[in-house]
Each structure stands twice: as structure tokens, then as C-alpha cells.
Amino acid sequence: MKKRVFKAVIPAAGFGTRMLPFTKAVPKELIPLVDKPVLQYVIEEAVAAGIEEVLLIVSSGKEAIIRHFNPVPDLEIRLEESGKQELLAQIRALNTMVKISYVYQQQLDGLGGAVRLAKNFAGDDPVAVMLGDTVMDSHTGRSVTGQLVDVYERYGTSVIAFEQVPLEKVSRYGVADAEELSDGVLKLRDLVEKPAPEKAPSNLAVAARYLFTPGIFTALEHTVAGLHNEIQLTDAVRLLLKSEAVHGCRIAGKRFDLGSKAGFVAANVEFAMRCPELQETLEKQLRNILNK
Ligand code: G1P
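Note that the coordinates shown come from a computational prediction; the quantities given were computed from them, not determined experimentally.

Novice: Got a sec to walk through the environment of Arg172? Specific residues and values, please.
Specialist: Take Arg172: it is sitting in the loop between strand E8 (158–164) and strand E9 (174–180). With a relative accessible area of 51%, Arg172 lands in the exposed category. In sequence terms Arg172 and Leu75 are 97 residues apart; their C-alpha atoms lie 42 Å from each other.

Novice: Report on the site of the ligand, specifying residues and quantitative values.
Specialist: Taken together, Leu131, Tyr173, Gly174, Glu193, Lys194, Val206, Ala207, Ala208, Tyr210 and Thr234 make up the full set of residues near the ligand. A distance of 2.7 Å separates an oxygen atom of the ligand from a polar side-chain atom of Lys194. One of the backbone nitrogen or oxygen atoms of Ala208 is found 2.8 Å away from an oxygen atom of the ligand. If the ligand stood free it would expose 380 Å²; the protein chains cover 74% of that surface. With respect to the detected pockets, the ligand is housed in the largest pocket. Residue contributions to the shell around the ligand peak at four residues, all from strand E11 (residues 204–212). Here the residues of the shell around the ligand are counted per class, giving six nonpolar, two polar and two charged.

Novice: Lay out the packing of helix H10 (residues 261–273) against helix H11 (residues 276–291) in plain terms, naming residues and giving numbers.
Specialist: How two helices sit against one another is set out by the angle between their axes and by the gap between those axes. Look at H10 against H11: their axes get within 8 Å of each other, and the N-to-C directions meet at 135 degrees. As judged from the angle between their axes, H10 and H11 are oblique. From H10, Val269, Ala272 and Met273 reach across to H11, where they touch Leu278, Gln279, Leu282, Glu283 and Leu286. Residues belonging to the contact of H10 with H11 are distributed by class as follows: six nonpolar, one polar and one charged.

Novice: Could you give me a rundown of the nonpolar core, with the residues and numbers involved?
Specialist: The biggest cluster of nonpolar side chains holds 78 residues, and the ones touching the most others in it are Leu56, Ile160, Phe162, Leu188, Phe212 and Ile216. Sort the elements by how many residues they give to this core and E11 lands first, with seven residues. If sequence neighbours within four positions are ignored, Leu56 has contacts with Ile10, Ala12, Leu39, Ile65, Ile100, Ser101, Tyr102 and Val103. If you look at the next biggest cluster of nonpolar residues, it comprises six residues, including Val165, Val170, Tyr173 and Ala200.

Novice: So what's going on with the pairing of E8? Residues and values would help.
Specialist: Burial within E8 is extensive, with six of its seven residues counted as buried. Of the pairings in the sheet, the one linking E8 to strand E12 (residues 246–250) comprises five bridges and is parallel in character. When the bridges of E12 are listed, Ala161 appears paired with Cys249. When E8 meets E11, the two strands line up antiparallel, connected through five bridges. Bridged to Phe162 within E11 is Val206.

Scoring rules and cut-offs
- Residues numbered from 1 in each chain as written.
- Predicted model: local features only at pLDDT ≥ 70, side-chain atom pairs only at ≥ 80, totals over all residues.
- Heavy atoms only, no water.
- Helix = DSSP H or I, 4+ residues; strand = E, 2+ residues; numbered from the N terminus.
- Buried < 20%, exposed > 50% of the residue type's maximum accessible area, 1.4 Å probe, protein only.
- Near = heavy atom within 4 Å.
- Polar contact = N/O pair within 3.5 Å; in protein donor to acceptor, adjacent residues only side chain to side chain.
- Areas by Shrake-Rupley, 256 points an atom, 1.4 Å probe, with all protein chains shown as cover.
- 1 Å grid on protein atoms, 1.4 Å probe; cavity = no way out; pocket = protein on both sides within 12 Å on 5 of 7 lines; lining within 4 Å.
- Sits in = over half its atoms within 2 Å of the grid points.
- Nonpolar A, V, L, I, M, F, W, Y, C, P; charged D, E, K, R; others polar.
- Axes fitted to C-alpha atoms, helices over the stretch in contact; angles between N-to-C directions.
- Parallel < 35°, antiparallel > 145°, perpendicular 65-115°, else oblique.
- Contact = heavy atoms within 4.5 Å.
- Core = buried A, V, L, I, M, F, W, Y, C linked by side-chain atoms within 4.5 Å.
- Pairing = 2+ DSSP bridges.

Here it is, written out as C-alpha cells:
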């Protein structure tokens, strides 16, 4: 039965080892993309897709995430007094744009382990799952999570975001075995977590966004530790496929993984080049660097 999609779960409990030592004290979800932390882009994408309630899965030591979305009255007074109205509106929006609640993941037992903690939050409603270290930049007027919602509204099933990656990179991702329907919609036959290129069923990689029916939580209850001894969300999707259809959506957009060094630098250059106030100076600086 199709229902309105208004809930999202954002796993943000991991150590962020690919970005150490920076991530020792600062959560990887707060890595900046120009002037906003990654997680803020993710929440803005959620809001654009109609999400009204967000559950953030955090872990001990990552409380800065909670502080980013909490009001700071003294700061607001200071901005008000100095007439910085635009900045004030932006700061206020952080604690008003969506209802955020938090849950602590005590045992870091994988993405599946994190999503499992959202069972009560989800109840009988569908939930979007959005990885908190990845910005999805839509190529259309519809956010990437919004694109998943559109497929859900057509089929009433769980929907996973996919993008094509070079075959030599499939071992970094969950990879689809799927039948191509129309308009970029896929019907999943199977999903394999981080296969070797020669064993990969395709080069369609899971791209950081999912939309699940409540069936995923039953599947997660029966999912045992898999690759790297972690509860893999991919394994839960395989179980789900035994009882429900699952669709895929070739996203019209680009994925920016800020949790890797190259991804972080490239995304910052690309987003900074889109800021009118930075463009000209930055372009000159980049040309100088490249000409050296
Ligand atoms: C996770 C998922 C994987 C997915 C990837 C990017 O892997 O397990 O299936 O393709 O995110 O969305 P991770 O990057 O956490 O190792």
C-alpha cells in the first residue's frame, strides 16, 4: 500500500577513517562544502523531497552534529544586532526546516546495523535512507531523493538510487543485477555488496540514497553479519527481494562523496566555481596552479 513519504533516516555514526586525522574530533558529516557542512546539503535535499521528520543515527563523540542543528540564542542576538539579517535567517532555518531526532548507535556494526535502529521511527511508514557524507546534485528540478519518491509513487515498492560507474570501481559499491524497465527505472533481481569486477552483475552502483517500505526492518532482523563482519544493508535488501519487489532508479544527478580526500577537494572546487562571488578569483588561482 502506497503512503506519503515524509520520514528520512540519515546514518552518521561511522568513524570517517578515510578522512583521518581531520575526523578524529570533527564528524565527517560536518566536512564543509564551501560554506555549509555536507549534512546540511543532505537535509536540504530531504526537505526538497517533502521530508518532515529526520532521524539522525549518531555515535558518541559526534555531538557536534547535534549542535549544528540546535539554536544558539547568543549568536542569533549578535547577528540581529549587527544587522546580518540574511545570515540570521540561514542560521534560524537550521533548527526550523525539519523536525530532527537522534539515536545513538552503540555498536558500530555496519550500515544495516544503523538503519535497523530506525524501526520505531519508521513504524508503518516508508522511509528514505540518505547517507550523511554524500551530496547528491540533481540534474533536474527534482532532488535525487525526490526522484526515488516519484518511482515509489508509481510502484509502491522500495526504491534504490543507482549510477553507472567504471567497471574497475564496482568493488567499492553495492551493485545491481536488474531488468531495465522504462524511463531509467529498474526492477531488481539481486544486489551484491562490493563484488570483484569479474564477478559484478553490472556496473550499476548503489548511490547513497534509498527509499524503503517497512519490510526492510523485518529483513534487517534476519540479516546476519556479512562482508567485513558488518550487518550489510545490501544483504537485507537481498532478503527483502524474497518477499517484495524492489525497484531501482537511474538517478539524474551526480554523487559527491565528501568522505574521501579526492572527493572532498573536487567537490569543493566544483561548488565554489558555481558561487558568483568566488568564481573569477578562483578561476585565476586554479589556472596559476595548473600552469606551474
Ligand atoms: C555503502 C553501501 C554500498 C553503497 C555505498 C555508496 O558502502 O554499503 O552498497 O554502494 O555506500 O552509496 P560504504 O561506502 O559505506 O562502504
